[in-house]
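Architecture and fold: a report
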Amino acid sequence: NHSCAPSAHAMKRDEDTTGHCVLLAKRPIKADEEITICYVDEEDGLRKRQRALADYGFVCHCVRCTTEEARIKKKKKMAKTKK
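Here is a short report on the structure shown in this document. (Residues numbered from 1 in each chain as written. Predicted model: local features only at pLDDT ≥ 70, side-chain atom pairs only at ≥ 80, totals over all residues. Heavy atoms only, no water.)

This part covers the packing of helix H1 (residues 46-54) against helix H2 (residues 63-82). Any two packed helices are characterised by how steeply their axes cross, that is the angle between the axes, and by the distance between the axes. Following both chains from N to C, one finds H1 and H2 inclined at 130°, their axes separated by 10 Å at the closest point. Classed by the angle they form, the pair H1 and H2 counts as oblique. Where H1 crosses over H2, the two elements pack in a sense that is left-handed. Of the residues in H2, those touching H1 at Leu-46, Arg-47, Arg-49 and Gln-50 are Arg-64, Cys-65, Glu-68, Glu-69 and Ile-72. (Axes fitted to C-alpha atoms, helices over the stretch in contact; angles between N-to-C directions. Helix = DSSP H or I, 4+ residues; strand = E, 2+ residues; numbered from the N terminus. Parallel < 35°, antiparallel > 145°, perpendicular 65-115°, else oblique. Left-handed = near helix turned anticlockwise from the far one by under 90°. Contact = heavy atoms within 4.5 Å.)

Structure, rendered in structure tokens:
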């Protein structure tokens, strides 16, 4: 499944014509933990990632997205109170 803060990275080798890929852990993964990959460019900002994920038919609510969304809302709220 997807996460913008994934536990693994999917790698496809050019010579692999069977459709398989290799998953490389980005951090230690617990035995009962779901393995996630990022379907879009991890380097993109929240809005750009969300637009790209719309093509997959969902809105991401991973820890990274919810944290960034909260930060944006807090900044907007602070900007309004300064006016």
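Inspection of the entire model under this criterion finds 7 salt bridges. With a shortest N-O distance of 2.7 Å, Glu-33 and Arg-27 are connected by a salt bridge. The partly exposed category is assigned to Glu-33, whose relative accessible area is 25%. A relative accessible area of 36% means that Arg-27 is categorised as partly exposed. One salt bridge connects Lys-48 with Asp-44, and the closest N-O pair in it is separated by 3.9 Å. Using a relative accessible area of 16% as the deciding quantity, one classes Asp-44 as buried. Put simply, Arg-49, Arg-64 and Glu-68 are held in one network by salt bridges that share partners. (Salt bridge = Lys/Arg side-chain N within 4 Å of Asp/Glu carboxyl O. Buried < 20%, exposed > 50% of the residue type's maximum accessible area, 1.4 Å probe, protein only.)

A separate point is a nonpolar patch on the surface. A grouping of Met-11, Val-22 and Leu-24 is seen on the molecular surface, where their side chains present a nonpolar patch of about 220 Å² in accessible area. Relative to the elements of secondary structure, Met-11 occurs in strand E1 (residues 8-11). (Patch = residues over 30% accessible without salt bridge, like charges linked within 9 Å, V, L, I, M, F, W, Y side chains within 5 Å. Areas by Shrake-Rupley, 256 points an atom, 1.4 Å probe, with all protein chains shown as cover.)

Further remarks concern the state of the cysteines. All chains considered together, the criterion is met by 0 disulfides. Of all cysteine sulfurs in the structure, the one in Cys-62 sits closest to Cys-60, which takes part in no disulfide; the separation is 3.5 Å. Assessed through its relative accessible area of 6%, Cys-60 is described here as buried. A relative accessible area of 12% means that Cys-62 is categorised as buried. (Disulfide = S-S within 2.5 Å.)

Locating Leu-53 in the fold gives a position in helix H1. Using a relative accessible area of 0% as the deciding quantity, one classes Leu-53 as buried. Taking the C-alpha atoms as reference points, Leu-53 and Cys-38, 15 residues apart in sequence, are found 9.8 Å from one another. With sequence-adjacent residues up to four places away left out, Leu-53 is seen in contact with His-2, Cys-4, Tyr-39, Val-40, Phe-58 and Cys-60.

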